[in-house]
Amino acid sequence: MFRRGSSIGLFGRFGRSEDLRRLDEALRALDVHPMTVKEAVKLAAIRLMRDAEGRDDPSPGAYGPAAEIVAYCMMGPDPFAHANGEAALARVERRVERALDHPDALDASLVLLAMTSGIISPEVVEKFGLEAE
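Nothing here was measured: the structure is a model prediction, and the numbers come from that model.

S.K.: I keep staring at the packing of aromatic side chains and nothing clicks. Help me out?
M.R.: The geometry of an aromatic ring pair comes down to the distance between the two centres and the angle between the two planes. A complete count under the given rule lists 2 aromatic pairs for this structure. Measuring from centroid to centroid gives 5.7 Å for Tyr-72 and Phe-80, while their planes differ by 85°, and the two rings are edge-to-face. With respect to class, Tyr-72 is no different from Phe-80; both count as buried. When the centroid spacing of 6.4 Å and the interplanar angle of 75° are considered together, the rings of Tyr-72 and Phe-128 count as edge-to-face. One end of the pair, Tyr-72, is in helix H3 (residues 63-75); the other, Phe-128, is in helix H7 (residues 122-128), with 56 residues separating them in the sequence. Among the aromatic residues, those joined into a ring-pair cluster are Tyr-72, Phe-80 and Phe-128.

As structure tokens, then:
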């Protein structure tokens, strides 16, 4: 079976793939401009979502939660709370805490992606005592 890949477009001639557009929309909804997230990070995040779901394309409901982890890791706790509210902050921090106990989970993979790509906020690293092994 052929697996369709994500496309970032080419010279404005070919459009971005639907999965990248959905992730961009999810990031924008969390007050993260998609241009501030490296394309390689977005492509890797989509690949992680596909692998976690065992599907060729992530389900429509997968983009928001994945973007939430990426946005939190990039922004840090205070800016994330300011943009998205205390309830969203508490929810995403619970997810990061659970990810530390479940290293094979999608959330853990997204946090590791943020760390290894250098987009993670130092406040998040300090708050959770994160380190890449």
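S.K.: Where do I start with the pattern of salt bridges in this structure?
M.R.: Pairs may arise between side chains of opposite charge once their charged atoms sit close together. Applying the stated criterion across every chain yields a total of 12 salt bridges. The residue Glu-18 makes a salt bridge to Arg-22 at a minimum N-O spacing of 3.1 Å. Linking Glu-18 with Arg-22, this pair stays in helix H1 (residues 18-29), spanning 4 residues, or about one helical turn. A relative accessible area of 37% places Glu-18 in the partly exposed class. A salt bridge links Asp-107 to Arg-95, with the shortest nitrogen-to-oxygen separation between them at 2.7 Å. You can see Asp-107 sitting in helix H6 (residues 106-116) and its partner Arg-95 sitting in helix H5 (residues 86-101), a full 12 residues away along the chain. A cluster of three or more residues bridged by salt bridges with shared partners is formed by Glu-68, Arg-91, Arg-95 and Asp-107.

S.K.: In this structure, what is going on with the environment of Ala-71? I would like to understand it.
M.R.: Within the element layout of this structure, Ala-71 appears in helix H3. For the pair Ala-71 and Ala-114, spaced 43 residues apart in sequence, the C-alpha to C-alpha distance is 9.5 Å. Beyond its immediate stretch of four places on either side in the chain, Ala-71 contacts Leu-30, Val-32, Gly-76 and Phe-80.

S.K.: Please clarify how unusual backbone geometry should be interpreted in this entry.
M.R.: In most cases, non-glycine residues show a negative phi, while peptide bonds are predominantly trans. The phi torsion at Asp-31 lies on the positive side, around 75°, for a residue other than glycine. Turning to its location among the elements, Asp-31 is positioned in the loop between H1 and helix H2 (39-53).

S.K.: Can you help me understand the packing of H3 against H6 in this one?
M.R.: Contact pair H3 / H6: the axes reach a minimum separation of 9 Å and the direction vectors enclose 35°. Here the hand of the crossing between H3 and H6 comes out right-handed. Counted together, Ala-66, Ile-69, Val-70 and Cys-73 of H3 and Asp-107, Leu-110, Val-111 and Ala-114 of H6 form the full contact between these two elements. Looking at side-chain class alone, the contact of H3 with H6 contains 7 nonpolar, no polar and 1 charged residues.

S.K.: Honestly, the nonpolar core in this entry has me stumped. Any pointers?
M.R.: The nonpolar side chains of soluble globular proteins are, as a tendency, buried together. Tyr-72, Phe-80 and Ile-120 are the most contacted members of the largest nonpolar core, which totals 37 residues. Residue assignment for this core shows that the elements contributing at least two residues are H1, H2, H3, helix H4 (77-84), H5, H6 and H7. At 9 residues, the largest contribution of residues to this core is made by H3. Discounting chain neighbours no more than four positions away, the residues touching Ile-120 are Cys-73, Val-111, Ala-114, Met-115, Val-125 and Leu-130.

Conventions adopted
- Residues numbered from 1 in each chain as written.
- Predicted model: local features only at pLDDT ≥ 70, side-chain atom pairs only at ≥ 80, totals over all residues.
- Heavy atoms only, no water.
- Phe/Tyr/Trp six-rings, centres within 6.5 Å; stacked < 30°, edge-to-face > 60°.
- Buried < 20%, exposed > 50% of the residue type's maximum accessible area, 1.4 Å probe, protein only.
- Helix = DSSP H or I, 4+ residues; strand = E, 2+ residues; numbered from the N terminus.
- Salt bridge = Lys/Arg side-chain N within 4 Å of Asp/Glu carboxyl O.
- Contact = heavy atoms within 4.5 Å.
- Axes fitted to C-alpha atoms, helices over the stretch in contact; angles between N-to-C directions.
- Left-handed = near helix turned anticlockwise from the far one by under 90°.
- Nonpolar A, V, L, I, M, F, W, Y, C, P; charged D, E, K, R; others polar.
- Core = buried A, V, L, I, M, F, W, Y, C linked by side-chain atoms within 4.5 Å.

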